[in-house]
Amino acid sequence: MMRLFLCLIASIYAATSFAAGGSVLGERSVQFKKEGAALSFKQSVKVYNNTDQTNVPLKIPTYLFKKALKNPQYNLGSTYMWKSAFESTVNDTLLSQLNKYGIDTLLLSPGTNGIKITDFLTKAQNQSIHVSRLLSENSYAKDVNGVQKLIAKMQTLQYDFPGLHLNIEPHTFADYKANIPFYTARMDSIYDVAKQWCDPRNMKLTVSIPMHLPIQNATFLSNNNITAYIMAYENTDQQKLLTRTQLLRTTLGNNYVWVIRVSDFATQQDLLDAVTYLNANGVSRVALYDFSTISNMF
């Protein structure tokens, strides 16, 4: 396939040269050298015309070459990555692993190493990997001034993340069941201010939600085009979980991602079978929680 791809590019180049008044008679060489998970290439084309001889570099559009090299071993969709995993591994290794797993969306809590973050974001964009800034802080929902704290935090965010992901879980509070209406309204306020902050900055807003999210919250997410990551944890019976969340998923429309927790599965094959089942039953987008456990299992 790669040989055919290069021949096609060379043919296009030759046709262009003829149209310009020259004749391509000479040498084309493309050398590939394996470098870890990526390939580098050296190319030269010797072009002859009626008056001179010039070495001209053969320019293959970068985006075409990247697509030719994209061949993930798995197709796992999205994942969460925390500061410890990000800071302990060099960027090229992280990106190689993401490409291997077929992960095209990363929810990242990056830490404070600005040079590493900037380098990672640039390389991820070049490899068509979307990276959202992950904020995971339950006090935004718990404290009286929680919404104001979230606004203040968003105003301090740095670097050019193309997205923002909120992982806020009021359902973990001891008083949640006794105060569901209060926390439902609080979460709508959080979603609203985050949406207002993201839209002018062309950032995609996504949020993690429990399987029992109040329908009022789900309706707000749907009406505001906010993608929900449904945390389908602690049970590997995907059929049962899909049945349990039928109303929630219908309310969200197609704007959700189904999150399964790697540690819930005994083997890699069990997890892959679950992903296959989900895809076959209308769940087009799956995420795995989290990156560290993926790398341990795979």
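Keep in mind that what you see is a predicted model, and the values were worked out from it rather than measured.

Visitor: Would you explain the packing of helix 8 (residues 180-198) against helix 9 (residues 215-223) in this entry?
Guide: Helix packing for two helices is described by the angle between their axes and how far apart those axes are. Running from N to C, helix 8 and helix 9 cross one another at 15 degrees; their axes reach a closest spacing of 9 Å. When the interaxial angle is binned, helix 8 and helix 9 end up roughly parallel. The interaxial crossing formed by helix 8 with helix 9 has right-handed handedness. Between helix 8 and helix 9, the residues in contact are Thr184, Met187, Asp188, Tyr191 and Asp192 and Gln216, Asn217, Phe220 and Leu221, respectively. Classifying every residue of the contact of helix 8 with helix 9 by side-chain character gives four nonpolar, three polar and two charged.

Visitor: Got a minute to help me understand the packing of aromatic side chains in this structure?
Guide: The geometry of an aromatic ring pair is captured by two quantities: the separation of the ring centres and the angle between the planes. If you walk through the whole model with that rule in mind, you get 11 aromatic pairs. Cluster of aromatic residues (ring-pair linked, three or more members): Tyr74, Tyr101, Phe291 and Phe298. Directly above the ring of Phe86 sits Lys116, whose terminal nitrogen or CZ lies 4.5 Å from the centroid. Note that Lys142 overlies the ring of Phe173, its terminal NZ or CZ placed 5.0 Å from the centroid.

Visitor: How should the packing of helix 7 (residues 146-156) against helix 8 be read in this particular structure?
Guide: Close contact between helix 7 and helix 8 brings their axes to 10 Å; oriented N to C, the two are set at 20 degrees. In terms of orientation, helix 7 and helix 8 fall into the roughly parallel class. Remark: the crossing between helix 7 and helix 8 carries right-handed chirality. Along its contact with helix 7, which presents Val147, Leu150, Ile151, Met154 and Gln155, the element helix 8 presents Arg186, Ser189, Ile190, Val193, Ala194 and Trp197. Along the lines of polarity and charge, the residues of the contact of helix 7 with helix 8 split into eight nonpolar, two polar and one charged.

Visitor: Honestly, the pairing of strand 10 (residues 256-261) in this entry has me stumped. Any pointers?
Guide: Judged by how many residues are buried, strand 10 sits mostly within the fold: five of six residues are covered. In the sheet, strand 9 (residues 227-231) pairs with strand 10 via four bridges, with the strands oriented parallel. Bridging from a neighbouring strand, Tyr229 pairs with Val257 of strand 10. Bridge analysis of strand 10 against strand 11 (residues 286-289) gives four bridges, and the strand direction is parallel. Within the sheet, the bridge partner assigned to Val259 lies in strand 11 and is Ala287. Assessed by its sense of winding, the connection that carries the chain from strand 10 through helix 12 (residues 268-280) to strand 11 is right-handed.

Visitor: How should unusual backbone geometry be read in this particular structure?
Guide: Negative phi is the rule for most residues except glycine; trans is the rule for most peptide bonds. Look at the link from Tyr289 to Asp290: it is a cis peptide, with omega at -5 degrees. In this fold, Asp290 is placed in the loop between strand 11 and helix 13 (291-297). Positioned with a positive phi, Ser128 is a non-glycine residue whose angle comes to about 60 degrees. A residue is classified by how much of its surface remains accessible, and Ser128, at 55% relative accessible area, is exposed. Positive phi is not limited to glycine here, since Asn202 has a value of about 55 degrees. With respect to the helices and strands, the residue Asn202 is situated in the loop between helix 8 and strand 8 (204-210).

The rules we used
- The residue numbers shown here count from 1 along each chain, following its written sequence.
- Reporting in this predicted model follows two pLDDT cut-offs: at least 70 for local features of residues, and 80 or more for side-chain atom pairs to be given and counted; totals over whole chains, interfaces and linings ignore these cut-offs and use all residues.
- To obtain the side-chain values, all non-hydrogen atoms of the structure were included, while hydrogens and water were left out.
- Here an angle of 0 to 180 degrees is reported between the N-to-C directions of two axes, which are lines fitted to C-alpha atoms, with helices fitted over the stretch in contact.
- The helix count covers DSSP runs of H or I at least four residues long, the strand count covers runs of E at least two residues long, and both are numbered beginning at the N terminus.
- Under this scheme an angle from 65 to 115 degrees is roughly perpendicular, one under 35 degrees roughly parallel, and one over 145 degrees roughly antiparallel; angles in between are oblique.
- By the definition used in this description, the sense in which the near helix is turned from the far one sets the handedness, with an anticlockwise turn below a right angle giving left-handed and a clockwise turn giving right-handed.
- Contact criterion: two residues are considered in contact whenever any of their non-hydrogen atoms come within 4.5 Å of each other.
- Ten residues, namely Ala, Val, Leu, Ile, Met, Phe, Trp, Tyr, Cys and Pro, are considered nonpolar, four, namely Asp, Glu, Lys and Arg, are considered charged, and the remaining ones, Gly among them, are considered polar.
- Geometry of aromatic contacts follows a simple scheme: Phe, Tyr and Trp rings, the Trp one being its six-membered ring, pair when their centres are within 6.5 Å, and the pair is stacked under 30 degrees between planes, edge-to-face over 60, tilted otherwise.
- Working rule: Lys NZ or Arg CZ, within 6 Å of ring centre, within 35 degrees of ring normal, means a charge sits over the ring.
- Buried means the residue's accessible area, taken with a 1.4 Å probe over protein chains only, is under 20% of the maximum for its type, while exposed means over 50%, and partly exposed covers the values in between.
- By definition, two strands form a pair when at least two bridges between them are found by DSSP.
- By convention, orient the strands away from the viewer: a clockwise path from the first strand over the helix to the second makes the crossover right-handed.

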